[in-house]
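These are the residues of each chain, in order.
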Amino acid sequence: MANGTPGTPGPEAEKAASRRPKDTKLKQQRLPAWQPILTAGTVLPAFFAIGLAFIPLGVVLLVTSNDIQEYRYDYTQCVNSNEDKCADLLTNLTATGQTCTCTFKIELKEDFVGTVYMYYGLTNFYQNHRRYVRSRDDSQLHGYDVDSLYSDCEPFKTKKLNTSVEMKIAPCGAIANSLFNDSYTFVYKGDGTKNVNVSMLRTGIAWASDKDVKFGNPSSKNGSDDPWAGFTNPPNWNNKMVYQLDPDDENNNGYKNEDLIVWMRTAALPTFRKLHRRINHQQTEFTDGLPKGQYEVTIDYAYPVTLFDGTKSIILTTTSWLGGKNPFLGIAYLVVGSICILLGVIFLLIHLKWGRNTYRRQFVHQSQTRRTSEMINVTSRTTFN
Amino acid sequence: MGNIFKGSNRAGPKYRLIVPNHIVEEGIKSPNHPNRNHRSNRIKTTKYSVITFLPKNLFEQFHRFANLYFLFVVALNWVPQVQAFGKEIAMIPIVFVLTVTAVKDAFEDFRRYKSDKKVNSSKCRVFDNTDDKHDFHPREWCDIHVGDIIHLSCNDIIPADIVLLKSSDSQGICHVETMNLDGETNLKQRQSVTGINYESHEYKAWRFKYTVECEQPNAEIYKFNGYVKLSDVEGDITPLNQNNILLRGCIMRNTDWIEGLVVYAGHETKSMMNNRNPRYKRSKLERALNRDVIWCVIILLFLCFFCAAGSALWLGQYEDSTVVPFIPFESSEQFNPYFQAFIVFFTYIIIFQSVIPLPLYVSLEIIKLLQIYFINQDLHLYYEPTDKRVECRALNITEDLGQVEYIFSDKTGTLTENQMEFKSCTIGGKNYPHVPEFDDDIQSETGSRYSLANISRNSSVMENLKLETEIQRELSCMCLRSVGSIDVTVPANSHKNQVQEFFLLMAICNTVVVSLHPHEDIMDDEGNIASSSNSLHVPTVSAKVNLNQNQSENVFIEKYTKLADSEHRKKLPPLNQDGTTPRASKSLLPPIHHRSSLDVDKFPKYTQRLEYMPKISTPTGSVAGSIAGSSIRSDMSRTRYEAESPDELALVRAASTYNCCLKGRTANSVTVWLPGEGEVELKVLHMLSFDSTRKRMSVIVKHPLTKDIILYTKGADSAVLSVLSKKYREEEEYIKMRRNTEEHILEYAMLGLRTLCMAKKTIPKADYDKWAKAHLEAESSLEDREEKLLDSACRIEADLELLGATGIEDKLQEGVPETIHNLRMAGIKVWVLTGDKQETAIQIAYSSQLFNPEQQLIVVNAENKEATSDLMRHHLEEIILEEKTPQETETSPPTKKKEYGLVIDGKTLAFALEKDMEKLFLVLAGKCNSVICCRSSPIQKGLVVHLAREELKVLTLAIGDGANDVAMIQMADVGIGISGQEGMQAVMASDFAIARFHFLERMLLVHGHWCYSRMARFSAFMFYKSLISTMILFWFNLYSGYSGNTHIDSLFLLGQHVLFTAFPPIVNGIMDKDLLPETLLAFPSLYKVGPEGRTYTRLSFLIVFLDSVYQSVVVHFVCYFGYFEGVGIWEFGTTMMVSLVLSILFHQAIETYRWMWPQWLTLILSFVFFYLFGIIIDSFFMTFDHPMTPYWVMQNTISKPIHAIIVLISVVVALLPRVIVRSVQMTVFPDEIMKAQHWEKLKEEEEQEDETQPNSRVASPDSGFDNRKDSKDSGYDNKALDMKNDASEQNGLPEVGYKNGRVRHRQNSNQRTNENQVAETTT
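Parameters at a glance
Residues numbered from 1 in each chain as written. Chains lettered and ligands numbered in written order. Predicted model: local features only at pLDDT ≥ 70, side-chain atom pairs only at ≥ 80, totals over all residues. Heavy atoms only, no water. Pairing = 2+ DSSP bridges. Helix = DSSP H or I, 4+ residues; strand = E, 2+ residues; numbered from the N terminus. Salt bridge = Lys/Arg side-chain N within 4 Å of Asp/Glu carboxyl O. Buried < 20%, exposed > 50% of the residue type's maximum accessible area, 1.4 Å probe, protein only. Contact = heavy atoms within 4.5 Å. Expected span 1.5 Å × (residues − 1). Bend = angle between axes of the 7 residues up to and from the residue. pLDDT = per-residue confidence, 0-100. Patch = residues over 30% accessible without salt bridge, like charges linked within 9 Å, V, L, I, M, F, W, Y side chains within 5 Å. Areas by Shrake-Rupley, 256 points an atom, 1.4 Å probe, with all protein chains shown as cover. Axes fitted to C-alpha atoms, helices over the stretch in contact; angles between N-to-C directions. Parallel < 35°, antiparallel > 145°, perpendicular 65-115°, else oblique. Left-handed = near helix turned anticlockwise from the far one by under 90°. Nonpolar A, V, L, I, M, F, W, Y, C, P; charged D, E, K, R; others polar. Disulfide = S-S within 2.5 Å.

1. With respect to the pairing of strand β9 (residues 226-229) of chain B
All names here are of chain B.
Alright, step 1. Strand direction decides the pairing type here: strand β8 (residues 211-215) and β9, joined by four bridges, are antiparallel. Residue pairing in the sheet places E213 in a bridge with Y227 of β9.
Alright, step 2. In terms of strand pairing, β9 meets strand β10 (residues 237-240) through four bridges, oriented antiparallel. Bridging across to β10, Y227 finds its partner in P239.

Rendered as C-alpha cells:
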C-alpha cells in the first residue's frame, strides 16, 4: 500500500482488476469446522473411559511393583573389625590412603526370583548441582584427542604434580573425581551352613548407547604408544589411573569402564541409586536368582558421605518391565481412575439436572415454531438471561 | 513580494537557482550542470537497502525493551560464572524473534519499494531538447529533473513541484485538486507566470530560457516564493508565489493541459517533505498485557530471590567446601554462600527468562497482521459500486474493535449518503414542497451513480425532481429586468420577483465550477500534437481523452458495466408496500433511462469522470410530465458541474432544472442562462467565501443593466436570519413573511432536511465603494488578516432582505438504522456529533434509530454557562430520582430501565466542555444511551472524544468521512474513516477505512469480537505457556541445591517457546471462532463481552498463574515420585518435557472452539515435530552443547514403558481441573457466549435432522449465509426488511423503511417529538 506517500498514482490507476476479495472458504473464514462443546454430557463418557482404563492399569502397575523383591541395607555407619566406624576413620584418614573394611551379615527373607541386580544408593548427594553437572568434558570421554579441556572442569581440569609439572586430568571434572569407589563382595551363607561367593558381573550395567558411542578410549597419539600419556588421574582416585579401572577386561577399562559410565550419567535427584553389579546367574547356586538366607557382605569402605550428611546403602533387587519397586504409579492410577469414575457419576447427575436445561428448552421451543427468516429476528430480542 | 527582493540579496544557500535543462548542453549528471545539486524526482520511501538492512533493522529492534532484556539475558549467559545454557543455544529465541521481526520489516519495506517503483515508473511528458524537434517525450517520473519542462493533461497527477508556465486556458488559469495533499476536495486555481516576454512570441517551451530562483525546499505547502530572472539586469524579474506552483501529488482538473518547470523534485517536493509516518497505537488489551508482563517480572524477581536465598542457605549448611564432592569450586574463597547467592541470582534470571513471554509480542504482530488480512478479505465488507475493501491502516489495534464502548459518529456522509437532493423551498414566505413521486427509482439510480462519481465531484445527474408548476410559471419569463427590480411596473417586492431572484441566487451564489466540454489535450502521450480537426467531433475527442488518461480508465469501464447490472437488478422488485403508483409514474421515465444507458454504452469512458448534463427541460412543457417530454438543448448538454460541497451542487442542479442555469464561472464573472433572457454574464465583484464562524457565504455582483450592486447571501438559517434588516422585526408584512419562512424551515428540519437561508441586499454605490476599500485593506493586511476579513464580511452582510430557504435532503445510507440499533443492542453508546441544526439532527436521530420513542429526550440549550450548569444539574437530578423510584417498590415487577437521549447544541456544548463543567456533562451524558451534539465544530468533536476517552476511561471509536472529522478520528482509540464523498483526509487519518457505515456492524460485532476473543485467549495462553515452563524449572531447583541447574535439555527448553508450542496458539489467534458470524450479528448483546473485558480480565492472569503452577506441580511430582530414585537427570527432564509439551498442546485443544484443518495440522505437526526433533538431535554425538551430550537420551527414555505411563497420568491429572471447570461452567453456569454456543449447536443438530426430512424449509447456516450473500447485490434490503418487520412487531417500533415508509415514519416521529418536548426545558 502506498499509504502516506503522496504523489502516488491513486488506487484507481493501480489496479485494473476489481478489488473484490476472492470467495474462498479460507479467505472468508468459512472452513468446515468441528465444534466440540465441553459440557457435562459430552465429557462424562471421557471420564468413565479414563476411569475404566486407569483402574485396571493401576492394578497391573501395583501388582508389578509388589512382585519386585528388594532388599536395602544402609551401611553408612558400618564398623570394621576394630569396631571403629569406617565413616569416622575416613574423615580422619582420607589423606593417608588407608582403607577401612566393613563386614556384616544381611538376611534375605525370601527367594529373589529372576535376575537380581545390585545397586548402591546415596542420599543427600547432589549429583544434579549445576556446577557438578557441568564439570565434565564429553569430548574427552568420547576419546577425542583434545588439546584443551573444558574450563568447566575446573578445579579438576589439571593437577600440579610438583611445582613445575602440571598435567591434564583424565577424566577431568568433578563428576569423575567423585567417582563412587566402594567395592563389595557377597558370600552366600544360607542358613549359616553355606559359604558360596556370589560372583557378580561388572558389565551390562550402562546404557548400550553410552558404552558403544558416547564413551570411547583415546587411540594412540602420534608417535607415542600410550594414549594416556600426558594425563594424570583425578585427585580423589588414590593413585588409580583411568586405565586401571578394570585391568582384567580390555573392553571395560578406561573411559569405557561401566562403573565410570554409570557414575557419569548424573542422577536427577539428590537421593539416587545407581546400578552397580549384576548377579552372575550362571553359578549353580543362583540360577533362579538369589535364594533366601544369610549373606555376608564385605565392603571396602572408601567413599565418604557423612561430610555432607549423606548415607549409602546397598540394594539388591529384582526388576520388571516397569523398573524398580515403586508403588506410586500404581496407586496414582488407581486414585485418578477412581476420581474419574466419581466425576463421571457426578457429571451424570449434573447432566441429568442441567443438561437439557431451561434456556436450551427455551430455544427448542422457539425454534419449533420458527420460520427460517424469522429465526434470527425472534431471538435477537431474546436476551440470554 | 517585498521579501523576495530582500531575500535575493542575502547569502546564496537561502535560494536555489534553477536553469531550464534545455538551455544547458551537458547532461544533468555532469559536474558543471547548474542543476546538478538538486535531487531528481526519484523517490525512495524504503527504510533500508540491501546492505543497510541488517545493522539498521537490528538497531531499531533493540529499541524495544523486551528485546533489550533478552539481549541482556543472552549476554549474561556468556559470563562463565553465571552461565546456565550453552552459549549458542541461549541465543536461539532472541535470534528467532529478531529474525521473524526482520522478515516482517523486510516484507513491509519491500512493499514500499514496489510502490516506490510503481510511482517512479509512472510516465510523464518532458520537454526534450536533444533532437532539434523541440518535442515532449514521455519519460519516467524518476528521470524527471529539476529544470525540466513537463506537459500534463487534465486529470494527470502532478509528478513534481512545478511552476506553471502555460495553461490551455486563455487567462493562464489551471485548476488543481489538492486532495492527496491536504484532503480538500475543492478545486484550487493556479495562475501561470505572467510577465514573461517570450522573445515577443507566444509561449513555447523552448522559448523559456530564463533562470528561476526560489526558496530552498521546505514543507510549507501554502508558501512559495521565488522569481524568474528575465535578464541579468538587477531587478528585471517576475515574482513567483504560491499561486504559480503546482505541488506533487495534486491532480490537475478542469484544464486541458499545462506546461511547467520543475523546481522541486522527489524528496524535496513539499508533499514528500510533509510525509508523515503512521502513528503507533497501542490497544487496550495490549495495555492490559503490559500490566501483566510486569507481574511476570515480579514473579521472575521473586523466584530469583527465593532461589538465591535458598542457594545461600543450602551452601551454608556445608562447613567445608573442599570435602563436598558435588560442589566443585575453583577456590575456597568462592565458597561464600552470599557471593554464590549473588552469582546464582543472575543464573536464575537466565533460567527463568521464559517467564517473560518473549515471543508474545512478535506473535501478536503476526496474528494481527493475518487478522487484518482476513478482515480485508471479507466479502461482506466489500463495496461493489466503488470497488472498495476495508482498508486497515493501523496494524496493531484489531482487538480494540471488539472492545468499543462509545461510538462517535459524524452525520453527514457517514450516516447519510452525503448526496444532496433538493427537496423543497420556501420563497417569500410561501412554501413549495416538492412532493416526491418516484422516489423509489431515484434512490437506486442516483445513489449508485453518485458514489461512482465520487472521485471528483463532477456530477450533473439530472434530478428527477418534480417541478413545482407554480414556480415554473413564475420563472417562465424570468429576466434581468425583474431580477434587478428596476422594472417599475413590477412592485419591488412582488412574489414573482422574489422567486426569480431566489433562483438566480441559487445559481450564482456558490463556488461551483462549470466546464462546458470534456478536457482534451493537444498532445498525446507520445508528445505529438494532435490535429485540431479531430477535436470537433465529440466521440473522437472522448477517445483521445481516454487515451491520455491511460489505464486508469479501464477501471471505470468495468465498474460502470457492473453497476449497470446491479441497477437493472435493483429495479426488478419494487419493494413498496402499497405498490401501486410507482409503476404508473415510472412509465414516464423510460426515455431518460434509456437514453442515459445509451450514453453509457456509447461513451462509457465519459460517464465516469465526465458526466454530461443530459437534458434540460424547457419551460414550455406543461406539468409533471415535462421531464419526459422535454427536448434537449444541445448547447447545454455539455455542461457539467464541479462543486466543493454536495449542497451547492444540489442547489445549482435544482436551479438548472428550473432553467435558471449556471453556464460558466471565471474569477470575476458568472454566466447564467435565464429562461426569459438567455445567456447573461454578471460581473462578480466579490466572493465572500464560506467559513464556519459566519456560516454563510456571499457573492456581490453587478447588475448588467441597472449597474446596481447586489449582495446575495446564503447560509445557515440562524446565520442569515440574524442579519436581516430591521423591517423584518418591525413591519407587519415582513414579520409575517419571516415567521412563515421560519416555520417552513422548522418544518424542513423536522423532515430531516438540511436547510439553507437565502437573502439579498442591494448596496448603494457609495456604501459599496467605502466597504470595498476597507475590504481591500483587510485583504492586504498582514496581521490578523483572517479576523479582519471576517469583520469586513460581516459588515457588508447586514440588513439583508430575506428571499427564502431551501430544504435539501441527505439520504440515510442503507442499513444505518439497523446498524445503529444493533450497535446499541451491543451495549455501545452512540453519540452523533454533527454540524447540522438541532431539529435536523434529532430527526435524523429518530430515523436512524439513534433515538427510539421510548427514550426520553433531554434537550440542553442554554445561552450561558450558569444556565447550562443549572439545566444539566436539573436533568441529572431527575434521572437519579427516576432511577431510585423502582427500587423503593421492590414488590412491583421490575420495570424496564428508562432510557434517555441527550441533545446538546454547539453553543451549550462549548460551556459544557469547560473545565469545571465537563464532569457534570459527562455524568449526564453517561446516563444517556445516545447523545447528539449539533452545530458542533471540528475542534469540539475532537474535544468531546478526548473528554470521553480521558475522563470516562472508555474505549472510543470515531467514525467520519470528512476533513472536519479528522480531529475526532485522531483523538479516538479507534478511528474509522468512510471513504466516501469528502475526499481522503478522514481516511488518511483513520485506522480503518470502510466504504459504508453499515459495515461498521460487521467490523465490530463480528471481526472486533473475534479479534478480541482470539487475542485475549491467545495472550492468556502465552502467559500460561511461559509460566508453566518456568515453574517446572523452579520445582526442580528445589531439589538441586538451588544451584540454577536445568534438567531439561536447553534446546528443548528454548525451542519450546518458539518452535514446539508456538504455532497452534498463533493459528488459533488467527482463525478460531467462538461463534459464527450469523450468531454474533443476530445477538448483538454478545458483543458486550469485549467492552466489559470479560475474556481477559484482571483475574485472567491470576487464574492462568494458578493453573500453570498446578500443572507444573503435577508434571514435576508425577515424574518425581514415578521415577523415584533410579533416574538420570536428562531422562527425568525428557519425560517432563514430553509431559509439558503434551499438556500445553492439549490445553490448547481444550481452548479451541472450532476445529478446522489448520488447527489439526499445527497441533499434530507441533507434537510430531517436537518428537522428531528430540530423536534426531539425540541421534548424533555432538559436543558443542556443553555440558551435556544428549546422545540417545530421547530414545532411551521413550523406549521405557514407565515414560509413557508417567506422561499419560501427568497430562490427564494436569488438565483435569480445567476440563472439569470448563464443562461444569458450560453446563451449569454458562455465560452468554456459552449459551450462544449451545444455541448454535442446537441449531446445527436441528438442521441435520431437517436434512433427513424431505422438503425441509429450514436452511443450513451456510446456505442461509449464502442466500444473504447472493442478495447482496440488491443491497441490504433483505435483512433490512426482516429487521424492520420484526422491529415493528416486537417492540412496536415505528416502521422505518427507506422507501415509502419513510413519510409515514416521519409523521410518527413528529408526534413523538411533540410529546417529548414536554420534557424539554429550554432557556
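There's more to say after this.
2. Looking at the pattern of salt bridges
Working definition: two side chains of opposite charge can pair if their charged atoms are close together.
All names here are of chain B.
Alright, step 1. One pass over the full model with this rule turns up 49 salt bridges over all chains.
Alright, step 2. Residue E918 pairs with K915 through a salt bridge whose shortest N-O separation is 3.9 Å.
Alright, step 3. Exposure remark for E918: the relative accessible area of 8% places this residue in the buried category.
Alright, step 4. Between E951 and K919 there is a salt bridge, with its nearest N and O atoms 3.4 Å apart.

3. Section: the side chain of B:N77
Alright, step 1. Here B:N77 is to be found in the loop between α3 (65-76) and α4 (92-120).
Alright, step 2. Once residues lying within four places of it in the same chain are set aside, the contact partners of B:N77 are B:Q83, B:A84, B:F85, B:G86, B:K87, B:A90 and B:I350.

4. Concerning helix α39 (residues 1129-1151) of chain B
Alright, step 1. Between its terminal C-alpha atoms α39(B) stretches 32 Å, which fits the 33 Å expected from 23 residues at 1.5 Å a residue.
Alright, step 2. Burial analysis of α39(B) places 22 of its 23 residues in the buried class, the great majority of the element.

5. A word on unusual backbone geometry
Alright, step 1. Residue A:E154 is joined to A:P155 through a cis peptide bond whose omega torsion reads 0°.
Alright, step 2. As for its position among the elements, A:P155 is in the loop between α5 (138-142) and β5 (158-160).
Alright, step 3. Going from A:A170 to A:P171, the amide bond is cis rather than trans, its omega being -10°.
Alright, step 4. One can find A:P171 in the loop between β6 (166-169) and α6 (174-177).
Alright, step 5. Its identity is not glycine, yet A:Q29 carries a phi of approximately 55°, on the positive side.
Alright, step 6. Positive phi, close to 60°, is recorded for B:F1124, a residue that is not glycine.
Alright, step 7. With respect to the element layout, B:F1124 can be found in the loop between α38 (1098-1123) and α39.

6. Quick look at helix α34 (residues 999-1038) of chain B
Alright, step 1. Counted at 1.5 Å a residue, the expected span for α34(B) with its 40 residues is 58 Å, and the 56 Å between its end C-alpha atoms agrees.
Alright, step 2. Along α34(B), the largest kink reaches about 35° and is centred on B:G1008.

7. Quick look at the confidence of the model for chain B
All names here are of chain B.
Alright, step 1. Looking at chain B, the pLDDT average stands at 75 and 75% of residues meet or exceed 70.
Alright, step 2. For chain B, the element scoring lowest by mean pLDDT is helix α18 (residues 604-609), at 29; α39 scores highest, at 94.
Alright, step 3. Segment residues 485-492: pLDDT under 50, and nine contacts once partners within four positions in sequence are set aside and those in other chains are kept.
Alright, step 4. Across residues 1255-1323, confidence stays below pLDDT 50; counting only partners more than four residues off in sequence or on other chains, it has 124 contacts.
Alright, step 5. The ipTM for the predicted assembly is 0.91, set against a pTM of 0.77.

8. Details of a nonpolar patch on the surface
Alright, step 1. A surface patch of nonpolar side chains, amounting to about 700 Å² of accessible area, comprises A:W34, B:W1160, B:I1164, B:V1168, B:L1172, B:I1176 and B:F1180.
Alright, step 2. Tracing the backbone through its elements, the reader meets B:F1180 in the loop between α40 (1157-1177) and α41 (1193-1198).

9. Quick word on the packing of α3(B) against helix α8 (residues 337-351) of chain B
Residue and element names in this part refer to chain B.
Alright, step 1. It is the contact of α3 with α8, at a shortest axis distance of 9 Å, that shows an interaxial angle of 125°. What the angle tells us is that α3 and α8 run oblique. Crossing hand, α3 versus α8: left-handed. Each of Y69, F72, V73 and L76 in α3 lies in contact with α8, whose residues at this interface are F346, I349 and I350.
Alright, step 2. Taken together, the residues of the contact of α3 with α8 sort by class into seven nonpolar, no polar and no charged.

10. Things to note about the state of the cysteines
Alright, step 1. Counted under the stated rule, the structure contains three disulfides over all chains.
Alright, step 2. Note that A:C78 is cross-linked by a disulfide to A:C102, the S-S spacing being 1.9 Å. Here the disulfide of A:C78 and A:C102 is right-handed, its torsion about the S-S bond being about 75°. With A:C78 in the loop between β1 (70-74) and α3 (86-93) and A:C102 in strand β2 (residues 100-108), the pair connects residues that are 24 residues apart, well separated along the chain. Like A:C102, A:C78 is buried.
Alright, step 3. The disulfide pattern of chain A is 1-4, 2-3, 5-6 when the bonded cysteines are numbered in sequence order.
Alright, step 4. Counting only cysteine sulfurs, B:C154 is the nearest neighbor of B:C174, a cysteine outside any disulfide, at a range of 9.6 Å.
Alright, step 5. In this structure B:C509 is not part of a disulfide, and its nearest cysteine sulfur, from B:C757, lies 12 Å away.

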